Amino acid sequence: MEEHYEPAKVERQAQDYWAAHDTFRALEDTTKEKFYCLSMFPYPSGRLHMGHVRNYTIGDVISRYQRMRGKNVMQPMGWDAFGLPAENAAIKNNVPPARWTYENIDTMRTQLMRLGFGYDWARELPTCRPEYYRWEQWFFTRLFRKGLVYKKKAIVNWDPVDQTVLANEQVIDGRGWRSGAAVERCEIPQWFLKITDYAEQLLRDLERLPDWPAQVLAMQRNWIGKSEGVEIGFPYNGGVLKVFTTRADTLMGATYVAVAPEHPLAARAAQDDERVAAFIEDCRQGGLAEAELAVQEKKGVPTKLTVQHPLTGERLPIWVANYVLMAYGEGAVMAVPAHDERDFEFAHQYGLPIKQVLEHVLRRVKPWKERSPGAGEDQYYEFDPATWKDWYASKSVDDVLVVNSGKYNGLSSAEAIDAIAADLAAKRLGEKRTQFRLRDWGVSRQRYWGCPIPIINCRTCGAVPVPDEQLPVVLPEDVTFKGVKSPLKTNPDFYRTECPSCGGPAERETDTFDTFVESSWYYARFCSPDNNRAMLDARVDYWLPVDQYIGGVEHAVLHLLYARFFHKLMRDEGLVKGDEPFTRLLTQGMVLNGGIKMSKSKGNIVDPEALIERFGADTVRLFMMFAAPPEQALEWSESGVEGAHRFLRRLWRQVYIHVDDNNQSIAGGQRLGEDQKRLSRKLHETIVKVSDDIGRRYTFNTAIAANMELLNELSRFGDRSPQGRAVMQEALEAIVLMLSPIVPHIAHRLWRALGHETAVVNCAWPRPDEGALARETTELVVQVNGKLRGHIQVPAGADRVQTEQTALSNDNVRRYIEGRRVRKLVVVPNRLVNIVVE
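Residues numbered from 1 in each chain as written. Predicted model: local features only at pLDDT ≥ 70, side-chain atom pairs only at ≥ 80, totals over all residues. Heavy atoms only, no water.

Caption draft 1: Region of the structure containing helix 3 (residues 84-93). Of all the residues in helix 3, the buried ones are Leu84, Pro85, Ala86, Glu87, Ala89 and Ala90. Where helix 3 is buried, its residues touch helix 4 (97-114) and strand 6 (164-166). Looking one or two residues past helix 3, asparagine 94 carries a phi angle of roughly 55°, positive in sign. (Buried < 20%, exposed > 50% of the residue type's maximum accessible area, 1.4 Å probe, protein only. Helix = DSSP H or I, 4+ residues; strand = E, 2+ residues; numbered from the N terminus. Contact = heavy atoms within 4.5 Å.)

What follows is the structure, encoded as structure tokens:
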């Protein structure tokens, strides 16, 4: 064994061994329990960043640990390869997106290999390859025929520079996340998947995911947004304006209605009102994100139109307001300023009426209609606009009664909702129903570098799915850009075709899929990546569901929700079994530098490649796992990296000294001395702790700390007798085994140095020895009146009397009880004795 630790040499040897033995190739084996570990695959931007390193190290540690536990582990890797960044880079650098993407994949694959991640590279899949997206297209045609796909005009976020639709999450402060251009609202034809048909399932099945972070489950519940309420119709000249509300008990307090700028009534009002038309045009600038609209100034303009209150017949003005979204509900709201924060802000700004119809009951004694004049405030809270927000903070329907509402006065909120819903139903102007905040998934994008949507547009037959035998619709990769407009839209060789139904001239769809489509089912394709005859095969029944999924919390809603939706679609098509794709989810925290997230724009990027060159991959892996628990943010520390490297050098040195001391033999089987037993006990206590830290708690930092503590004990252990060296050998072997999932390269070399022929990657996880854990004596804390006054040693299993006598006879304890009457002794077995004196 070499005296000095040389990371580059050690890591090359280990990686060569894994490659030569195809160590991480995953094969189906029904005799073994499977473990499918998957980290969210990367976009091939060209270089790994520290967020990648952290995410993939976590997955690799878990995978290697489960392998040592005897599981049949699959850990694949692929590339989320389509998307706008590649296209923009191609335009900037005059390189086709395909070439740019494949070159980046080659670079990043090499970087991942240098970090020693145990991937089954035989399963590698880039989503931009026809072998992959062919089946995506095939599946889309199935959904089309089942009626789960449709095309309609929709209001979208339009980036005028990137010339594409943006998701709400891609609009930041009203601007495109990449171009920085002011986003516009446009109405264009879009393809949609009917995710709303699965809203109830997606919500209900969250209860089946106990091993998902509570934060993620809450975010998905909020995004799906199930609401029980009443649909109310407000008649107007020419129709009925429908609104949905969860608080029908406030209907008598409606003083106006507000519609979205894109609502048909807004367009109708703009025809003869320049002020309305100008306001609508102004609203086209800015995104559609609900969170963004919630914090921006509430603006609106009155129209000349009115609606009729469905119960009173009163005429209510129609306003066009920027805080109403066409994408949610019917694009209209009934405004009750006294009892809704947005409506109050709007009404206050424009001087609109505010009518109280709910009264907050502090102590319900009598119903409102029986309240005597001058009733004290201990019974009721009178509405006061000056304290409106304080009142609004109490949203419980159990705390209010209906007032100023005619026949409904004195009813509780729940009673009023039922009564009002019944009266509306009788007039055919309303009914109770359930509504979801979730909207159908718009999957089409207007740019080039994406999966072609497999639809042919025929003037006679309409939209026709591409037949199976004509799939895949291959995206041409050798293209030339003229500006940002998609080359597909200017390439007749691509879009000109024949209609599969009538044989007449037709055109291919030139929109491409949102890249969320590719990432919604890649986890399943990893199970059968080499099948060129089917989307999936029977191997998915062995591997799915994914046992452990790992990725950033920024994907908590859309990616994870879409993947869950896709799984249910594939289940209903008979392609997979089960209702959910991911059993356990870990969302790792960000990597910070100087207290802020690492990013090129902040100039605080740390290059993993440079760190590997300087310290080695194991040092980088060790630091990433030691600096913080995986779900918390990790603060970058140069000194922390150096400390991790020093620890590995110490471990190397300890093994070197041990194996170099060859003038004495290692013997076992004799009775251990006290120091030997103490070290052996520490060793097996560490095995118990580390097994729990890695296997259950995923607190890799405490697992590393426990091994560091054990190594410190070894460095103080000076017994060079044959029996002492046997204990040292056992401890060093255990440390190498327990650290091998985290620092696999150095573990590979040290295991061999400790005299083993079998590679450490193929070894079992160490098991604790119950005999070594047994203690002949137990140390207890002794308190006097709750304050620490000493420590005692008692025989393991000592009874109460013996424990009390030992505590009372302790020299230091006697100083504090001498001359005082002992009133009570409290013994907590194996922990403490508390002596209570007067």
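Caption draft 2: Quick peek at the pairing of strand 1 (residues 34-39). Burial within strand 1 is extensive, with six of its six residues counted as buried. Of the pairings in the sheet, the one linking strand 1 to strand 2 (residues 72-74) comprises three bridges and is parallel in character. The partner of phenylalanine 35 across the bridge, within strand 2, is valine 73. Assessed by its sense of winding, the connection that carries the chain from strand 1 through helix 2 (residues 50-68) to strand 2 is right-handed. Bridge analysis of strand 1 against strand 27 (residues 546-552) gives three bridges, and the strand direction is parallel. Paired with leucine 38 across the bridge in strand 27 is tyrosine 549. (Pairing = 2+ DSSP bridges. Right-handed = clockwise from strand over helix to strand, strands pointing away.)

Caption draft 3: Just the sheet that holds strand 2, in detail. Taken together, the four strands give an open sheet; going across it, the order is 2-1-27-28, and neighbouring strands pair in parallel fashion. In this open sheet, the two strands that pair with only one neighbour each are strand 2 and strand 28 (582-588). Strand after strand, the sheet turns through a mean of 20° between neighbouring axes, direction not considered. (Axes fitted to C-alpha atoms, helices over the stretch in contact; angles between N-to-C directions.)

Caption draft 4: Up close: the confidence of the model for the chain. Taken as a whole, the chain shows an average pLDDT of 91; of its residues, 93% reach a score of 70 or greater. Low pLDDT (under 50) marks residues 363-383, which in the prediction has 36 contacts with non-local residues, meaning those over four places away or in another chain. (pLDDT = per-residue confidence, 0-100.)

Caption draft 5: Seen up close, the sheet that holds strand 34 (residues 822-828). The four strands lie next to each other as 33-32-35-34, forming an open sheet whose pairing is mixed. One side of each edge strand has no neighbouring strand; the edge strands of this open sheet are strand 33 (787-795) and strand 34. Each strand of the sheet is rotated relative to its neighbour by a mean of 20°, with strand direction disregarded.

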